[in-house]
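The primary structure of each chain is shown beneath.
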Amino acid sequence: MSSIPSPRRRRSRFSPVTRQVLLYLFFLLPAAMDIAQGMAGTLGPNPTSACLHDFGRYAFRFLLVSLAVTPLKRFVGVDIMLYRRPLGLLAFTYAALHVFFYVVVARHLDTHILWQDFSSRPFLTFGVLTFLILAALASTSTRRAIRALGRKWSPLHKLAYLAMIFACIHYSIAFKTWHVEPFIYTVIAICVLALRMVPRSARRKV
Amino acid sequence: MAAYRYPQPRASEITPRSYFLSRRAVMAGVVGTTLALAGSEQVAQAATGTAQNASGWPAPEKPTPQNDVTHYNNFYEFGTDKGDPAELSGAFKPLPWSVQIDGLVDNPRTWALEDLLKQFGQEERLYRMRCVEAWSMVIPWNGFSLAALLKAAAPKMGARYVAFTSVLRPSEMPGQRRGLFALKWPYVEGLRLDEAMHPLTLLATGVYGEALPTQNGAPIRLVVPWKYGFKGIKSITRITVTDRQPPTSWNLMAPEEYGFYANVNPAVDHPRWSQASEQIIGEGSLFHTARKPTQLFNGYAEQVAGLYQGMDLRKDF
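Residues numbered from 1 in each chain as written. Chains lettered and ligands numbered in written order. Predicted model: local features only at pLDDT ≥ 70, side-chain atom pairs only at ≥ 80, totals over all residues. Heavy atoms only, no water.

As recorded in an unreviewed UniProt entry, chain A goes by the name Protein-methionine-sulfoxide reductase heme-binding subunit MsrQ, listed as coming from Acetobacter tropicalis. According to UniProt, the comment filed for chain A under the heading Sequence similarities (unreviewed entry) is "Belongs to the MsrQ family." Under the UniProt heading Subunit (unreviewed entry), the entry covering chain A gives this text: "Heterodimer of a catalytic subunit (MsrP) and a heme-binding subunit (MsrQ)." (UniProt positions renumbered as here; feature names shortened; annotations may be inferred.)

Draft legend 1. Looking closely at the environment of A:L52. Residues and elements named next belong to chain A. Considering the arrangement of structural elements, one finds L52 in helix α3 (residues 47-76). Overall, the relative accessible area of 11% leaves L52 in the buried class. Between the C-alpha atom of L52 and that of Y102, which follows or precedes it by 50 residues, the distance is 6.6 Å. If sequence neighbours within four positions are ignored, L52 has contacts with H98, F101 and Y102. (Helix = DSSP H or I, 4+ residues; strand = E, 2+ residues; numbered from the N terminus. Buried < 20%, exposed > 50% of the residue type's maximum accessible area, 1.4 Å probe, protein only. Contact = heavy atoms within 4.5 Å.)

Draft legend 2. Broad picture of the packing of aromatic side chains. Evaluation of the coordinates by the stated rule reveals 30 aromatic pairs over all chains. Plain terms: the ring middles of A:F60 and A:Y185 are 5.2 Å apart, the flat faces sit at 55° to each other, and that makes the pair tilted. Residue A:F60 is found in helix α3, and its partner A:Y185 is found in helix α10 (residues 180-197); the two are separated by 125 residues along the sequence. Each ring, one from B:F92 and one from B:W97, has its centre 6.3 Å from the other, and the planes form 90°; the classification is edge-to-face. Each of the two residues, B:F92 as well as B:W97, counts as buried. For the cation-ring pair, A:R61 lies above A:Y58, with the distance from its terminal atom to the ring centre recorded as 4.7 Å. Sitting over the ring of B:W111, B:R109 keeps its end group 3.5 Å from the ring centre. (Phe/Tyr/Trp six-rings, centres within 6.5 Å; stacked < 30°, edge-to-face > 60°. Lys NZ or Arg CZ within 6 Å of the ring centre and 35° of its normal.)

Given below as structure tokens:
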């Protein structure tokens, strides 16, 4: 393909910041629906674990999508760069809900149980590391932080790829047997990483 | 059959009779009432009249709501999500069913399900169920003691173990078509002969007074209330008495995580999580799960601890 049509800028009645906020709010809907259903008692016999697992999966999905933004632009010509930050923040938000449901709701903040869990379950170690990275990235995603960090911001935010790898491990070994879903997510993650490895000069040839 | 004594409820935890009876519009009947599995509705309705007389109805704790018992299941033959067995078991048509009893017995026989029910009847047993994943239920099963069936089969000298085999029907069980992403099929389990002969060990053919739904292991399954739930093999096709310890599915999958004995024990943690406490399914709310401490042998220590005297329960977990 020689010419990828450059996406035409359609005029939007909303400012870029408004569009970012709207996207963020829109994708909080799955969480709102889960919580509403959980409170209404229509989320099955174990609503807490349903929420816990749903939120974890959403966190991973948004992390993958936010990391797919750059390859989408480079190789497909779809530019959703404007939405990279809200997508990343969604990943963090869902990860925070996921952690809240585990630590507070499921484990009742019981430090003894939590310590036993964290010291004996390797998949939780990877979960914690993933969350710490996402928290660091979320807290340095403000305009002021970006300016303050200057050149250091970009290498810091490359940690998102590490978070993605940890999330793959966390999700894959969380079950009693191998599951199909983490396998699919891992394949997507590997694709994202592989595209990241393609040298810049090859951009036009693809 | 003489009533077997097992741990009784605290009075505070007993569900009011009227509430419990009304939820079971189809009443199984009192302890010891036998039911025909198929067409149990007519029999059950006939028994409803006698339900009021069941003042001695044993209830260890508050039974888990029926809908939770039948919609929160681990039955990997249908899928790994707790909701999969209820959702994806529609293609599984268990009846007609037969169970083959063989191995080191004097009377090997293939039993039709109806003959098992005719011969051994059904009684109600309210048992705790503790899953290895640290959640629990209290379930009113209907069934008969495995011991009765084994006695009829008459184990020979030298018999030491009982091996169980579940059904293999990939065309009806989507979880059996998942290749590497699954256990090896068919599911197999085993007990020591003395465990199998213990009066608490039940072959369940019903739950909540109704025939077992497909997701709960229709039409006949094992219930060993002092062991983790995965010992309770579902949809049993074959019971073999043997002289050597039989292979068991989860142990084959991860021997360091799932032992042959799998006795509920809060002091012996699963390598990947604590077994000290358990989530009570059917209680609590979205923002506050209900938990309770796990009991040794799931609260049946008085009845079964003797089976394991002199054993190191950490080693033989």
